[in-house]
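Each chain is listed here by its residues.
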Amino acid sequence: MSVVRVPPVLREEAGGAREVEASGATVRELLEDLTLRIPALGSRVYGDGELHSFVNVYVDGEDVRTRDGLETPVREGSTVILLPAMAGGC
Amino acid sequence: MATYRELLQQTKSEIDEIDAAGARELEGAVWIDVREADEWQEGHLPGAVHIPRGFLESRVEGVAPDKSTPVLLYCASAARSAFAAKTLQELGYRTVYSLAGGFTDWKRNGLEITMPRTLSPEKRTRYSRHLLIPEIGEEGQLKLLDARILLIGAGGLGSPASLYLAAAGIGTLGIIDADIVDETNLQRQIAHSLDTLGTPKVDSAKRAIQALNPDVDVVTYRERLTSENIDRILDDSWDLIVDGADNFPTRYLVNDASVWRDIPVVHGSIYRFEGQVTVFKPHDGPCYRCLFPEPPPPELAPSCAEGGVLGVLPGIVGSLQTNEAIKLAAGIGDPLIGRLLLFDALATEFNEVKIERRADCPVCGENPTITEYIDYVEFCGAGRGNS
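Just so you know, these numbers come straight off a predicted model, no measurement behind them. (Residues numbered from 1 in each chain as written. Chains lettered and ligands numbered in written order. Predicted model: local features only at pLDDT ≥ 70, side-chain atom pairs only at ≥ 80, totals over all residues.)

1. Topic: the overall build of chain A
Stated precisely, the cut-off is as follows: Think of it this way: any DSSP run of H or I at least four residues long counts as a helix, any run of E at least two long counts as a strand, and we number them from the N terminus. The globule rule used here is 2.2 Å times the number of residues to the 0.38 power, and the radius of gyration it is set against is calculated over C-alpha atoms. For the exposure call, what matters is how many other C-beta atoms sit within 10 Å of a residue's own: 20 or more marks it buried, 12 or fewer exposed, and in between partly exposed, using C-beta atoms placed from the backbone. C-beta atoms are placed from the backbone for every residue, and two residues are taken to be in contact when these atoms lie within 7 Å.
Helices and strands together make up the secondary structure of chain A, namely two helices and seven strands. Rg of the C-alpha trace for chain A: 12 Å, near the compact-globule value of 12 Å for 90 residues, within the 12% margin. For the C-alpha atoms alone, the extent of chain A along its principal axes is close to 40 × 25 × 25 Å. By residue count, 42% of the 90 residues in chain A fall in the buried class. For chain A, restricting intrachain contacts to residue pairs at least 6 apart in sequence, the fraction spanning at least 24 positions comes to 50%.

Rendered as structure tokens:
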């Protein structure tokens, strides 16, 4: 099981949770599991077998796009951060 | 018990002296002036660093961390530098010389000297807490006073950034903002006040800066940054941009222009309890488009005006940006290049993730496809972000 950090703009989809759990040996498996558990959240970041382009996913601090993309391995206890851009400076 | 003369003679027999010609042939040597501050002010050897004899042991590793580095020491007439050379030998420095005849002979022989720029007594007092830090000192403070930093936005992030940059003695601050101060700003935008309600934010911020530090020149741009005016504004030769914009089109516009003009950007953004900070240094590290190739859809990009923000959050994030800006301006420390710092105010937790340059980045990648300004509002989707 891994901890998935939910960005503030997606907390509503996660029922207000700041962190949720999901399991999988790769980012793809983890996002599919997340989509099953919390469809509203999962579908915001993942759909049609692809990661949505405006969301970055970090596994233990590294951007999965700079590693093996959706096939990037996720270890038991890894922290996964979902991160869309924020514009606010207000 | 030895007399001073005997001790000096003994010390000189235990160290190596070198003449001016020999000194100039030393490759990769660090030259250290061990005289007092008032002597240094009257001129020094070109390229030398100043460490008064009394601070030599505690500061030498800051300028010569590797003990195999050759070190040339000098004082006025090679007495203090002889004792200093002996000390460095005891500290394990392997190649240490004392300049024969010292600064006095160097100058008498007509060799080149440098006159240091100095701070006025008033500035020495104002910036004394910076001057005491070895990493900043007078040299660093002079760099800050020479620096020109442009702030995008005089709102949540721009308020603390402008005040702390002004307090630090950044010589010239540019501020771009088209807005007027209103009551809802005062929960967090500390550069503004009841007295300036209804006035342009750039004027309000300028007033606060000048009340704090009249050394700072403030250049105001009461306009919204666009493709049409950005070149005019950036032509005012800014060293560094502190980006506290409140919308995606401006973020991407600032990114593209900064990459093309090679200006580092200290990026900060905030929402509710969370903030992000990083430094985009063109060609040395990733740019904003490497981090976020595309903005999120409008429903995932609410502004603070729509979603709210904890008042102190921009104070924290804007201060972190200022820390990066001061480090870059003074040339010290490890800036947040290639690292995105995430702050969560509810958990009081910092996280850091790596950002890499993308070879396929359309602006800073190997084969750029965006080489001139685009329609940023359209790129970000009408209504994306807060306009």
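Don't stop here, the text continues.
2. What to know about the interface of chain A and chain B
The following threshold applies: Under this grouping Gly is polar, as are all residues other than the nonpolar Ala, Val, Leu, Ile, Met, Phe, Trp, Tyr, Cys and Pro and the charged Asp, Glu, Lys and Arg.
Chain A puts 17 residues into the contact, and the matching count from chain B is 38 residues. Of all elements in the fold, only β6 (62–63) and β7 (79–84) of chain A reach the threshold of two or more residues within the side of chain A that touches chain B. In terms of residue class, the side of chain A that touches chain B is built from ten nonpolar, five polar and two charged.

3. Observations concerning the packing of helix α9 (residues 137–146) of chain B against helix α16 (residues 313–330) of chain B
All names here are of chain B. For clarity, the cut-off: Note on definitions: angles span 0 to 180 degrees between N-to-C directions of axes, and those axes are lines fitted to C-alpha atoms, for helices only across the stretch in contact. Oblique is the label for every angle not falling under 35 degrees (roughly parallel), over 145 degrees (roughly antiparallel), or within 65 to 115 degrees (roughly perpendicular).
Interaxial distance between α9 and α16 falls to 8 Å at its minimum, and their mutual angle equals 110°. Classed by the angle they form, the pair α9 and α16 counts as roughly perpendicular. Where α9 abuts α16, its residues G140, K143 and L144 lie against I326, A329 and A330. Tallied by class, residues from the contact of α9 with α16 come to four nonpolar, one polar and one charged.

4. Quick look at α16(B)
Residue and element names in this part refer to chain B. In plain terms, the rule: Expected span of a helix, by definition, is 1.5 Å for each gap between consecutive residues, and there is one gap fewer than residues.
Between its terminal C-alpha atoms α16 stretches 26 Å, which fits the 26 Å expected from 18 residues at 1.5 Å a residue. Counted residue by residue, α16 has 14 buried out of 18 residues, so it is predominantly covered. The first or second residue beyond α16 is G331, which carries a positive phi of 70°.

5. A word on the confidence of the model for chain B
Residues and elements named next belong to chain B. So the rule is basically this: Per-residue confidence from the predictor is reported as pLDDT, which spans 0 to 100.
For chain B, per-residue confidence averages 95 on the pLDDT scale, and residues scoring 70 or more make up 98% of the total. Scored below 50 in pLDDT, residues 383–387 shows 20 contacts in the model against residues more than four places distant or in partner chains. We note a pTM of 0.81 for the whole complex and an ipTM of 0.94 for its interfaces.

6. Quick look at the nonpolar core
Residues and elements named next belong to chain B. The condition that has to hold: The nonpolar core is taken to be a set of buried Ala, Val, Leu, Ile, Met, Phe, Trp, Tyr and Cys residues joined by way of C-beta atoms within 7 Å.
Core analysis: the biggest nonpolar cluster contains 100 residues, and I149, L151, I152, I170, L173, A325 and A329 have the highest contact counts within it. At eight residues, α16 tops the list of elements feeding residues into this core. When sequence neighbours within four positions are dropped, the list of residues in contact with I149 reads L165, I170, L173, W238, D239, L240, V242, A325 and A329. The next biggest cluster of nonpolar side chains, apart from the first, holds 28 residues, and it includes L45, L72, C75 and A78.

7. Structural notes on the environment of B:Y288
All names here are of chain B. With respect to the helices and strands, the residue Y288 is situated in helix α14 (residues 288–291). Sequence separation between Y288 and D256 is 32 residues; the distance between their C-alpha atoms is 8.6 Å. Not counting the four nearest positions on each side in its chain, Y288 is found in contact with R251, Y252, N255, H267 and F280.

8. Observations regarding the environment of B:H44
Residue and element names in this part refer to chain B. Its location among the elements puts H44 in the loop between α3 (37–41) and β3 (49–50). Residues H44 and F103, spaced 59 residues apart in sequence, show a C-alpha to C-alpha distance of 7.3 Å. Each residue touching H44, except ones within four places of it in the same chain, is listed here: D33, H50, I113, T114 and P116.

9. Here we look at unusual backbone geometry
Residues and elements named next belong to chain B. The phi torsion at R272 lies on the positive side, around 55°, for a residue other than glycine. By the element assignment, R272 lies in the loop between β10 (265–271) and β11 (274–280). Residue class for R272 comes out partly exposed when judged on the 19 C-beta atoms lying within 10 Å of it. Non-glycine residue T348 carries a positive phi angle of around 50°. Looking at the secondary structure, you find T348 in the loop between β12 (339–344) and β13 (349–354). Take T348: there are 8 C-beta atoms within 10 Å of it, and that puts it in the exposed class.

10. Considerations on the pairing of strand β5 (residues 55–59) of chain A
All names here are of chain A. For clarity, the cut-off: Only strands that DSSP links by at least two bridges are regarded as paired with each other.
Of all five residues that make up β5, four are buried, and the element is covered over most of its length. Strand direction decides the pairing type here: β5 and β7, joined by five bridges, are antiparallel. Its bridge partner being in β7, V57 is matched across the sheet by L82. The pairing of β5 with β6 spans two bridges and is classified as antiparallel. Considered in β6, the bridge of Y58 is made with D63. Linking two consecutive strands that pair antiparallel, namely β5 and β6, is a turn of two residues; a positive phi of about 50° is found at D60 within it.

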